Amino acid sequence: MPEARASLRVALSRRSTVVLATLVAALAVFACSAATWVSATVQTTLQPVTVDVAGSDAAPAVTALGLVAAAGALTTAISGRVLRAVVASVVLLAGLGALAASVAVLADPAGAVQTAVGEATGMINAGGDFAVTVWPWLAAAAAALVAVCGGWALVAGRSWTAARRYERAGPDGSPAGTVRRGDEIDSWDALTEGRDPTA
């Protein structure tokens, strides 16, 4: 049992796990904002008109914050410790902001879509029936997950080491491109003979 807990702890602290979870949650927020959030049926001078309002119109901040969180997820994968902490905090705040914007639509759907409905019907502050779909609920859930992932990255990121790209470990564990002072002459000889001194 202790070994299983240790393995789970290691898995949850891995950079790839945190980054992937954050990215998926952020893209879910963005995808939800493209769907219809409120279906408004208003009475015009001629007949009732139904207007479907997408989340990007009802709560534009959700779309923007979803993109911010997605960019932040990718940035945490390549940034250093200080920048990673800053970006993780931004992701956390983006999640909370998207959650607040989603809840605002759920609390007052008519107020959230009045502008979009007015542009579609030519009527300002039109009354009618404003039916909320499942998408703002899903967006709120995804936004909450983004906030959790931001906090997760903030905590787990403290143990991440800086990534070494394009390097192979040498026989002594040092990067393959590292040449010790005592080996300089041998390295020059190897180059002269056409051999790779780092092999």
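Look above for the structure.
So, a few notes on the structure that sits alongside this text. Computed from a predicted model, the values in this text were never measured in an experiment.

1. Focus on the overall build of the protein chain
When helices and strands are counted, the protein chain shows 8 helices and 3 strands. Helices (α) and strands (β) of the protein chain occur, in sequence order from the N terminus, as α-α-β-β-α-α-α-α-β-α-α. Burial statistics for the protein chain: of 199 residues in total, 33% are counted as buried. By element, 63% of the accessible surface of the protein chain is carried by carbon and sulfur atoms, the whole surface being about 11800 Å².

2. Here we look at the sheet that holds strand S2 (residues 48-54)
Taken in spatial order, the 3 strands make up an open sheet running S2-S1-S3, and their pairing is antiparallel. On the outer flanks of this sheet lie S2 and strand S3 (128-132), each paired with one strand and no other. Strand-to-strand, the axes of this sheet are offset by a mean angle of 15°, without reference to chain direction. Across 7 bridges, strand S1 (residues 36-43) lies against S2 in antiparallel orientation. Note that in S2 the partner of Ala40 across the bridge is Val51.

3. Regarding the environment of Trp152
Tracing the backbone shows Trp152 in helix H7 (residues 135-156). With relative accessibility at 23%, the residue Trp152 sits in the partly exposed group.

4. Let's talk about the nonpolar core
In this structure, Val29, Trp37, Val53, Val113, Val117, Phe130 and Val146 are the most contacted members of the largest nonpolar core, which totals 29 residues. Only helix H2 (15-33), S1, S2, helix H4 (60-76), helix H5 (81-107), helix H6 (109-121) and H7 provide two or more residues apiece to this core. Counting residues per element, this core draws most heavily on H5, at 6 residues. In contact with Val29, not counting residues within four places along its chain, are Val62, Gly66, Ala98, Ala139, Ala142, Ala143 and Val146. Membership of the second largest hydrophobic core comes to 5 residues, among which are Val18, Ala153, Ala156 and Trp160.

5. Brief notes about the side chain of Thr63
Within the secondary structure layout, Thr63 lies in helix H4. Since its relative accessible area comes to 16%, Thr63 is described here as buried. When neighbours within four sequence positions are excluded, Thr63 is seen to be in contact with Phe30, Ser33 and Ser56.

6. A look at a nonpolar patch on the surface
A cluster of nonpolar side chains, contributed by Val68, Val82, Leu83, Val86 and Val90, occupies part of the molecular surface with about 420 Å² of accessible area. Here the nonpolar patch takes 4 residues from H5, the largest share from any one element. Here Val68 shows up in helix H4. We classify Val68 as partly exposed; its relative accessible area is 37%.

7. Points about H2
Over its 19 residues, H2 runs 27 Å from end to end, which matches the ideal 27 Å to within 8%, given 1.5 Å per residue. Residues of H2 that are buried include every one of Val18, Val19, Thr22, Ala25, Ala26, Val29, Cys32 and Ser33, and no others. Axial view of H2: buried residues confined to an arc of 170°, hence all on one face. With respect to the buried face of H2, the exposed residues turned more than 90 degrees away are Ser16, Leu20 and Val24.

Conventions we followed
- Residues numbered from 1 in each chain as written.
- Predicted model: local features only at pLDDT ≥ 70, side-chain atom pairs only at ≥ 80, totals over all residues.
- Heavy atoms only, no water.
- Helix = DSSP H or I, 4+ residues; strand = E, 2+ residues; numbered from the N terminus.
- Buried < 20%, exposed > 50% of the residue type's maximum accessible area, 1.4 Å probe, protein only.
- Areas by Shrake-Rupley, 256 points an atom, 1.4 Å probe, with all protein chains shown as cover.
- Pairing = 2+ DSSP bridges.
- Axes fitted to C-alpha atoms, helices over the stretch in contact; angles between N-to-C directions.
- Core = buried A, V, L, I, M, F, W, Y, C linked by side-chain atoms within 4.5 Å.
- Contact = heavy atoms within 4.5 Å.
- Patch = residues over 30% accessible without salt bridge, like charges linked within 9 Å, V, L, I, M, F, W, Y side chains within 5 Å.
- Salt bridge = Lys/Arg side-chain N within 4 Å of Asp/Glu carboxyl O.
- Expected span 1.5 Å × (residues − 1).
- Arc of directions from axis to C-beta.

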